[in-house]
Amino acid sequence: MIGVAMQSSKQKSNRLGRKAASSTGRFIYGLFRLLMKLTLVVVFLAVGLFVGGFFQFANKVSSYTVPGTIRSAQGIVALTGGSARISDALKLISEKKGERLLISGVNVGTTMADILKINSDHEAATKCCVDLERKAQDTIGNAVETQKWMQMKGYKSLILVTSDYHMPRSLLEFRRVMPKVTITPYPVKLDSLTKEGWWKNSKTLRFMMSEYLKYVGAWSRDYLSPKALSALRATLFGG
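Criteria and cut-off values
Residues numbered from 1 in each chain as written. Predicted model: local features only at pLDDT ≥ 70, side-chain atom pairs only at ≥ 80, totals over all residues. Heavy atoms only, no water. Core = buried A, V, L, I, M, F, W, Y, C linked by side-chain atoms within 4.5 Å. Buried < 20%, exposed > 50% of the residue type's maximum accessible area, 1.4 Å probe, protein only. Helix = DSSP H or I, 4+ residues; strand = E, 2+ residues; numbered from the N terminus. Contact = heavy atoms within 4.5 Å. Salt bridge = Lys/Arg side-chain N within 4 Å of Asp/Glu carboxyl O. Pairing = 2+ DSSP bridges. Right-handed = clockwise from strand over helix to strand, strands pointing away.

Undergrad: When you look at the nonpolar core in this model, what are you seeing that I'm missing?
TA: Soluble globular proteins: nonpolar side chains tend toward being buried together. Within the largest apolar cluster, 20 residues are counted, with the highest numbers of intra-cluster contacts made by Ile76, Leu101, Ile159 and Val161. Among the elements of the structure, β1 (75-79), α2 (83-94), β2 (100-104), α4 (123-129), β4 (157-163) and β5 (182-188) are those that each provide at least two residues to this core. Tallying contributions element by element places α2 first for this core, with five residues. Excluding residues within four positions of it along the chain, Ile76 makes contact with Ala89, Leu92, Ile93, Lys97, Gly98, Arg100, Leu101, Leu102, Trp149, Leu158, Ile159 and Val161.

Shown next, in the form of structure tokens:
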């Protein structure tokens, strides 16, 4: 009798164990499905925000127009990357829209004489009122070196000359480095962006997507900085 009772108890225990295991398995499977659904929702939202942000960025860039008139500033900076940027900036300094022009990011092998060869109409302005900056290797460097130049000159206002597609990121970097300086954008049009249906051109589309990714990266640095992360951690967990 004792043996039968023990066997019955063991069988009951086994059934309870199998039931518990089955219940745990269903719970884990349900949790896994929930996490998968949440992941998909997050992915769809992220993709939607990214695509929507890109079209908003592209619309803003393609709608830029070269100012017919522009208010004078103390300094003018042209970022290298296209001859039209430099020629437009030289035109501005020739029209006395600024006291001096800084061409930032100039190749070490490029001289003032080289610039004059393709901008002979602005020889007087080039000889009297133009500085060349050669240290900057990217947009962040442009902003940092321009800030040093502005500080040295004592300038508080600036006209920023760069291509239309590059303007949003440039403004972001320049305003981050010079929050107290008044910056006026002067976008130089990229021919391929002025054409209707530019997004149908795969080369232009890839080019714009690349610039948008750089812009998102520059924008997100404010939120990924150690200071911002520390503030977020303090908000969430206290201390």
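Undergrad: Looking at this model, I keep getting lost on the pattern of salt bridges. Mind explaining?
TA: Any two side chains of opposite charge can pair, so long as their charged atoms come close to each other. Across all of its chains, the model carries eight salt bridges by this definition. Between Asp131 and Arg100 there is a salt bridge, and its shortest N-O distance comes to 2.9 Å. Note that Asp131 is positioned in strand β3 (residues 130-133) and Arg100 in strand β2, a separation of 31 residues in sequence. On the basis of relative accessibility, which here comes to 18%, the residue Asp131 falls in the buried class. We note a salt bridge from Arg176 to Glu173, for which the minimum N-O separation is 2.8 Å.

Undergrad: What is the right way to look at the pairing of β1 in this model?
TA: The side chains of a regular strand alternate between both faces of the sheet. Judged by how many residues are buried, β1 sits mostly within the fold: five of five residues are covered. Burial along β1 is two-sided: the face carrying Gly75, Val77 and Leu79 and the face carrying Ile76 and Ala78 are both buried. Sheet topology note: the β1/β2 ladder contains five bridges and is parallel. Note on β2: the bridge partner recorded for Gly75 is Arg100. Between the parallel pair β1 and β2, the chain is carried across by α2, and the sense of this crossover is right-handed. Sheet topology note: the β1/β4 ladder contains four bridges and is parallel. Following the sheet pairing, Gly75 is matched in β4 by Leu158.

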